[in-house]
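Listed below, chain by chain, are the residues.
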Amino acid sequence: MRSKATISAALVWLFLAGSANAQTLLVGVAAPLSGPSALLGKQIETGSGFAAEANGIELKTVDDACSADGGAAAAREFAAAKVTIVVGFLCTDAIEAALPILKDANIPVITVGVRTESLTDRRAKTGWPVYRLGPRGDDERNAVATTLTRLWQNELFAIIDDGTIYGRELAETFRAAAEQAALKPVFVDTFRPQLDNQIGLIGRLKKAGATHVFAGGDGDDIAIMGRDAGQLNAGMTIAGGENLRTPAGDVPYATGTLMIAPPEWADAADRKLLDSFAAQKIVPDGYTLPAYAAIEIAKAASAAGETSGKPLADLLTAHDFSTAIGPIRFDEKGDLTENPYRVFRFDGARFVPLESN
């Protein structure tokens, strides 16, 4: 008979061998690491790398070059490496070329930056296992419409746009929603952008009695409108979309200007995590935190899969994930269940969340 010491030693060896053979989660990271989008791709690489280090995950990072050829080549590399899941992708061409290959390899994808609506809207037809960790292309205009229709239901409001596709779509979606809610703007028009002043426009808005104005256009134009409204004592609140996230030029935004946009992810992140970024001299801007969150989701879903035996795609759908940028939940199509856009008010120095959000 073997001694107890011999048996104990054998058990320890088996435990250590099992631990050594335990597979580390392998996650593919697709990012444009060359070309004009390389700066954004570097944010993905940094955020995912930092999350992988913190969570004991192995990464295979590939440059998708923000192109169809690059996306397809990256997908083939991921399939050959047998990654469990892929995160990243900023460009529509790259991800649309990659998804058929990744679908055949049964590898789901979490994109942190592609907003193209058809990517998830066509899921019933394509079967692409893609999940969007960010807004859809129509989230901004839908948020403008639903939010301002609610906030301005008792106000005399106007809707104007700069004639661009972006500005007109925002304005038209808001106008249609207002009409559906039995609300009628006192003034609707297209303004001429990039002027040194908008005195004439503000004068017409004032004459129409508008106290609240939505302007589909650039931040510089909206800043000039706010300045001119103040000079004419028009008493107007002017609102715009995500374009106001870019700092205004020579003319600052007027205090009280409203912006409908996603939050700055650093404002939602855990303070300890931000401190750890700072300790490594990492600036968590752009796609850094969403990439970190994508790795967290990949780890949580993979762990759940090992326990339940369910396919990873099933575990990514309609489940809550706690991440660096807050709670995340994907719907049946792979979109976020909650529109991330919120209303912010310029306080004279920066945009802060409106209390009524």
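Residues numbered from 1 in each chain as written. Predicted model: local features only at pLDDT ≥ 70, side-chain atom pairs only at ≥ 80, totals over all residues. Heavy atoms only, no water.

Student: Give a detailed account of the pattern of salt bridges, specifying residues and quantitative values.
Tutor: Tallied over the full model, the rule gives 19 salt bridges. Residue Arg141 pairs with Glu117 through a salt bridge whose shortest N-O separation is 3.2 Å. A residue pair is termed long-range when its members are at least 10 positions apart, and Arg141 in helix 7 (residues 139-151) and Glu117 in the loop between strand 4 (109-111) and helix 5 (118-121) qualify at 24 residues. On the accessibility criterion, Glu117 (25% relative accessible area) is partly exposed. Residue Glu172 pairs with Arg175 through a salt bridge whose shortest N-O separation is 3.1 Å. A residue pair is termed a helical-turn pair when its members lie 3 or 4 positions apart in one helix, as Glu172 and Arg175 do in helix 8 (residues 165-180) at three residues. (Salt bridge = Lys/Arg side-chain N within 4 Å of Asp/Glu carboxyl O. Helix = DSSP H or I, 4+ residues; strand = E, 2+ residues; numbered from the N terminus. Buried < 20%, exposed > 50% of the residue type's maximum accessible area, 1.4 Å probe, protein only.)

Student: Help me get a handle on the sheet that holds strand 4, residues and values and all.
Tutor: The five strands lie next to each other as 2-1-3-4-5, forming an open sheet whose pairing is parallel. Either end of the sheet is taken by a strand with one partner, and the two such strands are strand 2 (58-63) and strand 5 (130-132). On average, each strand axis in the sheet is inclined to that of its neighbour by 25 degrees, with strand direction left out of account. Across six bridges, the pairing between strand 1 (residues 26-31) and strand 2 is parallel. Within the sheet, the bridge partner assigned to Ala31 lies in strand 2 and is Asp63. Packing of helix 3 (residues 68-81) onto the sheet brings it into contact with strand 1, strand 2 and strand 3 (85-88), and relative to strand 2 it is tilted by some 155 degrees. In the packing of helix 4 (residues 92-104) onto the sheet, contacts are made with strand 3, strand 4 and strand 5, and the angle to strand 4 comes to roughly 165 degrees. (Pairing = 2+ DSSP bridges. Axes fitted to C-alpha atoms, helices over the stretch in contact; angles between N-to-C directions. Contact = heavy atoms within 4.5 Å.)

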